[in-house]
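# A look at the structure
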Amino acid sequence: MPIQVLSDDLASRIAAGEVIERPASVVKELVENSLDAGSTRIDVHIVGGGAQSITVVDNGQGIPAGELSVAFERFATSKIDESSDLIAIGTLGFRGEALPSIASVARVEAISRHFEADAGARYLVDFGKSSPVEAAGAPQGTRIEVAGLFKNVPARLKFLGSPGRELSRIQSMLASLALVHPDVAVSLSADGRERLRTIGSGKLVDAVSGVYGPKVAEQMLELEPDDSAAFSVDGLVSSPSLNRSNRTYMTISVNGRWIQSRRLSYAIEQAYHGFLPDRRFPIAIARIRTPLDDVDANVHPAKAEVRFLREDLVYSVVQRAVRGVLSASAPVHELGAGRAAGSIGLLRTPGSVGNNTPGVVGIQSSPASDSDGSGAGSGFTQWPDPSAIVEQSRLPESQGESPATSSTTGTPKETLPVLRVIGQSHETYIHAEGPDGVYLIDQHAAHERVMFERVQQKFEQNASESQPLLEAATVDLGPGVMTTVQEHLEELNRVGWGVEEFGTNSLIVRSVPASLATRASGDGAGQVFARVLDELSEGGTGETWRNRMLATIACHSSIRAGQILSIDECKDLIRQLERTERPNTCPHGRPTIVQLNVNDLEREFKRR
Ligand code: ADP
Ligand code: MG
């Protein structure tokens, strides 16, 4: 065929493919237009998962009758002009592509009344063919109805999911937009049934309530933004007890624009490490603020992704903020010994509830002068080995402070106190007694620390052990991943992965780090490798990445929560932990050990 310029019709259908992939993309474009028009209320109605019809009604500024048809021309926009800076864009739309794209693959009716006009106008584009603009009665604002989406593009129609699937995509997308714009009342109804409604009060917690329900809203923790910083993040994140089985409940915005970012979602997930079980994800709304010219919104056809000038900085701001609020709210801190008020939150709760619980009343009524130890013993009867506890209470009372365990710090500094292991509870915590009180050690976190330092040391000494696989495994890489892997091939091999390139987009794995082989099955090691590659493609280089990889290997080589340990195994683990350089935290920074100070216990039990 000779080279020829495509007809407008064909060109716009091709262009439409980039912007409009499915019903949810139509909804997104229309709702973003409504937001740009300053609407305070946006109602979305869906029929048949959006393939039949999508209607978006807003009360924004409206489109003047004389411009209604222009709005449907390609590259027609009121949002930027020749003088605009394409980097610092304040509106959600700016390319002038949405309306013409939608109108080339559907029947679109637009009715609008500009806020300065007395009457409205109506304009119809039927799969690219337009009728003249005519007058129509209408309230201020814009109503756009899209019917028969993709009827003229059968290929695209084939790729749509069931109406239910498409609706759930619309719903989760609209939920995100509603969360990012709590000042706008957003509603969604599908086949006549209401699916979502926010009140537009401007308060994020109200938006969360409208989208996820009031119960969820109650359990959200507030991020504390640093308003003085050029980069900051505010929003709400779920307390660890509230979590979901997939990632779709994380909403991120940058300077008011909803974005999707695997990397930033990962930053949030990472912040929850240790707070959530494996494969559970938080609900989170993170609103990031950066200098406008630090973000390029013009990199993705559907504007779903943006590019940051300083992505690592944004990543760490997000991670730190989430981590901060989680740590501050975590119950372990309630345990902190030597608190001025003299009450231990964790113990106070059962005590105060206990006023009408016979068992607890019994303990409370035991005389404060009861110093023979039996009182303390009975308070702990649910502990694994009661006789050991009685024995403990006969030990000398706190005799001053060893430098390592000053009572003003919750956990010891560089070394562990001398611990006597009592047993294990909840298949997760090792209980021990030390000079200044009772200690709980998280068995996974503790073992992670042990394994981390071991793996790290071997890595540094170039002495990592590896275990050959019986059968080499090939791993297919996503496009682009190979380049990153190539940069890190040496490190991967040094830690014990026997990895070679295999063709353009595959690796062959001949061996795995020995520590993984003893604990995980061959399959497990594969998952760890996938995780390591994931982390690689999340970016981050040099020492941070290396430490993360080592931590990942350590994590998967470690005893898990939920594993029953014998008393000897508990003791063994504590001895190993004692010998590490930083026994008080796991490689991800979580505490390995918390302490109940003996003075606080005495105060709680009204012994003095
Ligand atoms: P863009 O949003 O990139 O400018 P669109 O094709 O989405 O391009 O819209 C074209 C123009 O139509 C917008 O610039 C705006 O002026 C107008 N418009 C579209 N939707 C609305 C609406 N709901 N309310 C007011 N104006 C609108
Ligand atoms: Mg637009």
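Refer to the structure above for everything that follows.
Basis of the calculations
Residues numbered from 1 in each chain as written. Chains lettered and ligands numbered in written order. Predicted model: local features only at pLDDT ≥ 70, side-chain atom pairs only at ≥ 80, totals over all residues. Heavy atoms only, no water. Salt bridge = Lys/Arg side-chain N within 4 Å of Asp/Glu carboxyl O. Buried < 20%, exposed > 50% of the residue type's maximum accessible area, 1.4 Å probe, protein only. Pairing = 2+ DSSP bridges. Helix = DSSP H or I, 4+ residues; strand = E, 2+ residues; numbered from the N terminus. Axes fitted to C-alpha atoms, helices over the stretch in contact; angles between N-to-C directions. Arc of directions from axis to C-beta. Phe/Tyr/Trp six-rings, centres within 6.5 Å; stacked < 30°, edge-to-face > 60°. Lys NZ or Arg CZ within 6 Å of the ring centre and 35° of its normal. Near = heavy atom within 4 Å. Polar contact = N/O pair within 3.5 Å; in protein donor to acceptor, adjacent residues only side chain to side chain. Areas by Shrake-Rupley, 256 points an atom, 1.4 Å probe, with all protein chains shown as cover. Nonpolar A, V, L, I, M, F, W, Y, C, P; charged D, E, K, R; others polar. Expected span 1.5 Å × (residues − 1).

Okay, the pattern of salt bridges next. A complete count under the given rule lists 25 salt bridges for this structure. Linking E21 and R22 is a salt bridge whose minimum nitrogen-to-oxygen distance equals 3.9 Å. Among the residues examined, E21 registers a relative accessible area of 47% and is labelled partly exposed. Residue R22 is classed as buried on the basis of its relative accessible area of 15%.

Let us now look at the sheet that holds strand β22 (residues 506–513). If you trace the three strands from one edge of the open sheet to the other, you get β20-β22-β21, paired in antiparallel fashion. Here the strands that pair on one side only, and so sit at the sheet edges, are β20 (466–476) and β21 (498–502). Mean inter-strand twist for the sheet, computed between neighbouring axes without regard to direction, equals 15 degrees. As defined by bridge partners, β21 adjoins β22 across five bridges and the pair is classed as antiparallel. Bridge assignment links E500 to a residue of β22, and that residue is I508.

On to helix α6 (residues 204–212), then. Note on helix geometry: an α-helix contains 3.6 residues per turn, so any two residues three or four positions apart are oriented the same way. For α6, the complete set of buried residues consists of L204, A207, V208, V211 and Y212. Here the buried residues of α6 occupy an arc of 105 degrees about the axis, which is enough to place them on one side. The positive-phi residue at the C-terminal boundary of α6 is G213, with phi of around 100 degrees.

On a regular strand, each side chain points to the face opposite its neighbour's, so the side chains alternate between the two faces of the sheet. Most of β22 is tucked away: seven of the eight residues are buried. What sits between the antiparallel neighbours β21 and β22 is a turn of three residues, in which G503 has the positive phi angle 70 degrees.

Once that is clear, we can look at the packing of aromatic side chains. A complete count under the given rule lists three aromatic pairs for this structure. Note on W497 and F529: the rings are 4.8 Å apart at their centroids and 50 degrees apart in plane angle, and the pair reads as tilted. Linking W497 in the loop between α16 (481–494) and β21 with F529 in helix α18 (residues 522–537), this pair joins segments that are 32 residues apart in sequence. Since its relative accessible area comes to 1%, W497 is described here as buried. Given a relative accessible area of 4%, F529 falls into the buried group. Its guanidinium or amino end placed over the ring of Y249, R244 lies 5.4 Å from that ring's centre, counting from NZ or CZ. Residue placement shows R494 over the ring face of F459; its charged tip is 4.2 Å from the ring centre.

Once that is clear, we can look at the site of ligand 1. Not every one of the 20 residues close to ligand 1 is listed here, only the nearest: N33, T77, S78, K79 and G96. Separating an oxygen atom of ligand 1 from a side-chain N or O atom of S78 is a distance of 2.5 Å. Protein chains shield 93% of the accessible area of ligand 1, which is 530 Å² for the free molecule. Counting residues per element, the ones that place at least two in the shell around ligand 1 are α2 (23–36) and α3 (98–104). Considering every element that reaches the shell around ligand 1, the biggest residue donor is α3, with three residues. When grouped by side-chain class, the residues that make up the shell around ligand 1 number eight nonpolar, eight polar and four charged.

Right, let's talk about helix α15 (residues 443–460) for a bit. The first and last C-alpha atoms of α15 sit 26 Å apart over 18 residues, in line with the 26 Å expected at 1.5 Å per residue. Burial analysis of α15 places 13 of its 18 residues in the buried class, which makes it a mostly covered element. Taking the backbone nitrogen of H444 as reference, a side-chain oxygen 3.0 Å away marks D442 as the first, capping residue of α15. After α15 finishes, the residue N462 shows a positive phi value of roughly 60 degrees.

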